[in-house]
Amino acid sequence: MPTLLASALAWLLATLTAAEVPGHADPRPTRLAIWAATLAASGLVATFLLRRLGPTRLNLAIWWSLTIVATALALAAPAAAVGVLPPVLLTAALLAWSSRHVSKDMPHWPDAPALLLALIVPALMWLQAGVRVEAIFGLGPIAVGVLALLFALLAPLWPTRPRVLLVALALASLTGAALTLATPGYSEARPRRLSLAFHQDPEGARWLLDGELPLPPTLRAAADFSSTPAFPWTPSDEPSWIAPAPAISTPTPELTLEPNTPTITGPWGRYLRLRLRSPRGARSAALVIPDTADLRWLAIAGHTVPPYPEHRKAWYEGVRHHPIVALPPEGVLIELVLRDPDPVTFTILDASEGLPPAADPLLRARPAWAIPSHAGDRTLLSRSVAY
């Protein structure tokens, strides 16, 4: 429950501030809101369990659960068990030491000093892991989950009547949330990722921007943007901001039959030998093969391409998208075996860094708190060829 509640709060704050992750520009108020909410939710669960199990049974239930998790991880994924085994082993030693007089004072075992000592290693390991995860992925479910695990260890120490503490945590969470909403989602020091792309095919030219987040007002005013999937193979839940653009005069990528290639066919399909090149000297390209072609084998530049990764099928629907980097001036040789005997329509793309001069108004309209990322601003040309 603590993880779900805090994750929902993180999602709400990110949505209301139009940010990829909440508190990107200044994570401190967001951290206060989410950490306080996680601790408060952990306190509610702990109070409920303390009244039914008591501190001794609750403490044993927590650490027995972690012992089972650590054992399972040690057997299934030993490397992952490193994050759980040290706290479990230390706690086992501390509980064994503190149980010397357990028969005399069972209701108060283990005592507070032993519980606090048992928290040292988890605090050092898991809090550090949570902060690092937060730095990589932002204040989201993964970071919250690590934090909730650490807070769960505090359960036996919670008072049975924590009303004042819970109210204080609720006020702290509300204060952090209010400060987050009052703070811009991005800043020049911690900017948003926003790459611009120019794409041209025989049907026309257009500007493309990532559509997962709202478009900055200055960019919206600079062109007639609408939200729609960028390509036929783009999933419907991954739209882009698209606006018409003036066409440029530049050669498109080429996919040609390699001369002196024998005609080879059989019950297994047919063999094709093609060459993909970029007359304009683009550094990268892509070959898109429809699934209906029933591709049996593919080699690029003499190297057999491994089986198509399953996760890429979710990114490119109904096709196999094969990127090609470091495209040489003479192009690359592509060899295929296709089961489909009829002509297959391939889509080819090439990509180069930078944008045409017509992009200057968009570049000026991009806010200072938004910068290119990954491949950066690019010019894409594409066309379809049937063989």
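Just above, that's the structure.
All figures in this text were calculated on a predicted structure; none of them were measured in a lab.

## Thoughts on the pattern of salt bridges
One pass over the structure, following the stated rule, counts 7 salt bridges. Between glutamate 353 and arginine 283 there is a salt bridge, with its nearest N and O atoms 3.1 Å apart. One end of the pair, glutamate 353, is in strand β14 (residues 345–353); the other, arginine 283, is in the loop between β8 (269–277) and β9 (284–290), with 70 residues separating them in the sequence. The exposure classification of glutamate 353 matches that of arginine 283, with both residues exposed.

## Digging into a nonpolar patch on the surface
Among the surface-exposed residues, Trp11, Leu12, Leu16 and Leu181 lie close enough to one another that they form a single nonpolar patch of about 440 Å² accessible area. Along the polypeptide, tryptophan 11 turns up in helix α1 (residues 2–16). Judged by its relative accessible area of 59%, tryptophan 11 is exposed.

## So, the nonpolar core
Core analysis: the largest hydrophobic core is formed by 21 residues, its most contacted members being Leu255, Leu276, Ile289, Ile334, Leu336, Leu338 and Phe346. At the level of secondary structure, the elements contributing two or more residues to this core comprise β8, β9, β10 (295–300), β13 (332–338) and β14. For this core, the element with the highest residue contribution is β13, accounting for 4 residues. Apart from residues lying up to four places away in sequence, leucine 336 is in contact with Arg270, Tyr271, Leu272, Leu274, Ile289, Leu295, Trp297, Leu298 and Phe346. Of all hydrophobic cores here, the second largest spans 20 residues; its members include Ile62, Ala155, Trp158 and Leu169.

## Regarding the packing of aromatic side chains
Applying the stated criterion across every chain yields a total of 3 aromatic pairs. Both rings, one in phenylalanine 231 and one in tryptophan 233, keep their centres 5.1 Å apart while their planes meet at 0°; by these two values the pair is stacked. Judged by its relative accessible area of 17%, phenylalanine 231 is buried. Accessibility expressed as a relative area gives 8% for tryptophan 233, which makes it buried. One cation-aromatic arrangement involves arginine 206 over phenylalanine 231; the distance from NZ or CZ to the ring centre is 5.2 Å.

## Description of the sheet that holds strand β4 (residues 226–228)
Spatially, β4-β5-β3-β2-β16-β14-β9-β12 is the arrangement adopted by the 8 strands of the open sheet, whose pairing is mixed. Edge strands, defined here as strands with exactly one partner in the open sheet, are β4 and β12 (319–325). Mean inter-strand twist for the sheet, computed between neighbouring axes without regard to direction, equals 30°. Here 9 bridges tie β14 to strand β16 (residues 378–386), and the two strands are oriented antiparallel to one another. Counted as the bridge partner of alanine 351 is leucine 380 from β16.

## Let's talk about the pairing of β10
Bridge count for β10 against β13 is 5 bridges, and the pairing is antiparallel. Counterpart to isoleucine 300 in the pairing with β13 is isoleucine 334. Here β10 runs beside strand β11 (residues 303–304); their pairing, made up of 2 bridges, is antiparallel. From the neighbouring strand, isoleucine 300 faces β11, where its bridge partner is histidine 303. Taken together, β10 and the strand that follows it, β11, pair antiparallel across an intervening segment of 2 residues, in which alanine 301 is found at a positive phi of about 55°.

## A short note on helix α2 (residues 27–76)
Under the 1.5 Å per step criterion, the end-to-end length of α2 is only 36 Å for 50 residues, more than 12% shorter than the ideal 74 Å. At glycine 54, α2 is bent by approximately 105°, the largest bend along its length, and proline proline 55 sits one to four residues beyond.

## A look at the side chain of threonine 347
Inspection of the secondary structure assignment puts threonine 347 in strand β14. Threonine 347 gets classed as buried once you look at its relative accessible area, which sits at 16%. The residues touching threonine 347, leaving out its near neighbours within four places in the chain, are Trp233, Ala286, Leu287, Val288, Arg383 and Ser384.

## Concerning the layout of surface pockets
The volume enclosed by the largest pocket comes to roughly 1,500 Å³. Lining the largest pocket are 40 residues, with Phe231, Glu238, Ser240, Tyr316 and Arg378 sitting closest to its centre. Of the residues contributing to the lining of the largest pocket, the split by class is 22 nonpolar, 9 polar and 9 charged.

## Describing the environment of glycine 376
Mapping glycine 376 onto the fold places it in the loop between β15 (370–371) and β16. With residues up to four places along the chain from it excluded, the contact list for glycine 376 reads Ser195 and Leu196.

## Topic: the environment of alanine 118
Residue position: alanine 118 is located in helix α4 (residues 112–118). Owing to a relative accessible area of 3%, alanine 118 belongs among the buried residues under this scheme. On a C-alpha basis, the gap between alanine 118 and valine 305 in space is 51 Å, while along the polypeptide they are 187 residues apart.

## A word on unusual backbone geometry
Although it is not a glycine, alanine 301 adopts a positive phi angle of roughly 55°. Counting through the fold element by element, alanine 301 comes out in the loop between β10 and β11. Classification of alanine 301 as partly exposed rests on a relative accessible area of 44%.

The rules behind the values
The numbering scheme is per chain: residues are counted from 1 as the chain's sequence reads. With pLDDT at 70 or above as the cut-off, local features in this predicted model cover only qualifying residues; side-chain atom pairs require 80 or more to be listed or tallied, and sums for whole chains, interfaces and linings still use all residues. Each side-chain value is derived from all of the structure's non-hydrogen atoms; neither hydrogens nor water enter the calculation. A pairing counts as a salt bridge when a side-chain nitrogen of Lys or Arg comes within 4 Å of a carboxyl oxygen of Asp or Glu. Helix and strand definitions follow DSSP, with helices as H or I runs of at least four residues and strands as E runs of at least two, each counted in order from the N terminus. Residue burial is assigned from relative accessible area. The probe radius is 1.4 Å, only protein chains are included, and a residue is buried under 20% of its type maximum, exposed over 50%, and partly exposed in between. The patches described consist of residues with a relative accessible area above 30% and no salt bridge, like charges being joined within 9 Å and nonpolar side chains (Val, Leu, Ile, Met, Phe, Trp, Tyr) within 5 Å. Residue-level accessible areas treat just the shown protein chains as cover; the underlying method is Shrake-Rupley with a 1.4 Å probe. We define a nonpolar core as any set of buried Ala, Val, Leu, Ile, Met, Phe, Trp, Tyr and Cys residues linked to one another through side-chain atoms lying within 4.5 Å. Residues count as neighbours in contact if any of their non-hydrogen atoms are within 4.5 Å of one another. Each Phe, Tyr or Trp ring (for Trp, its six-membered ring) is paired with any other whose centre lies within 6.5 Å, and the angle between the two planes then decides the class: stacked below 30 degrees, edge-to-face above 60, tilted in between. Whether a charge sits over a ring comes down to the Lys NZ or Arg CZ being within 6 Å of the ring centre and within 35 degrees of the ring normal. Whether two strands pair depends on DSSP finding at least two bridges between them. The axes used here are C-alpha line fits, helices contributing only the stretch in contact, and every angle between their N-to-C directions lies in the interval 0 to 180 degrees. How far a helix is expected to stretch is found by multiplying one less than its residue total by 1.5 Å. For a residue, the bend is simply the angle between two axes, fitted respectively to the seven-residue segment ending there and the seven-residue segment starting there. In this analysis a 1.4 Å probe is tested at points of a 1 Å grid over the protein atoms alone, and where it fits but cannot get out there is a cavity; an open set with protein on both sides within 12 Å along at least five of seven lines is a pocket; lining residues have an atom within 4 Å of a point. Grid points are joined across faces, edges and corners, and a volume is the space filled by probe spheres set on the points. Three classes are used, and their members are as follows: Ala, Val, Leu, Ile, Met, Phe, Trp, Tyr, Cys and Pro are nonpolar, Asp, Glu, Lys and Arg are charged, and the others, Gly among them, are polar.

Shape descriptors only; they carry no functional weight alone.
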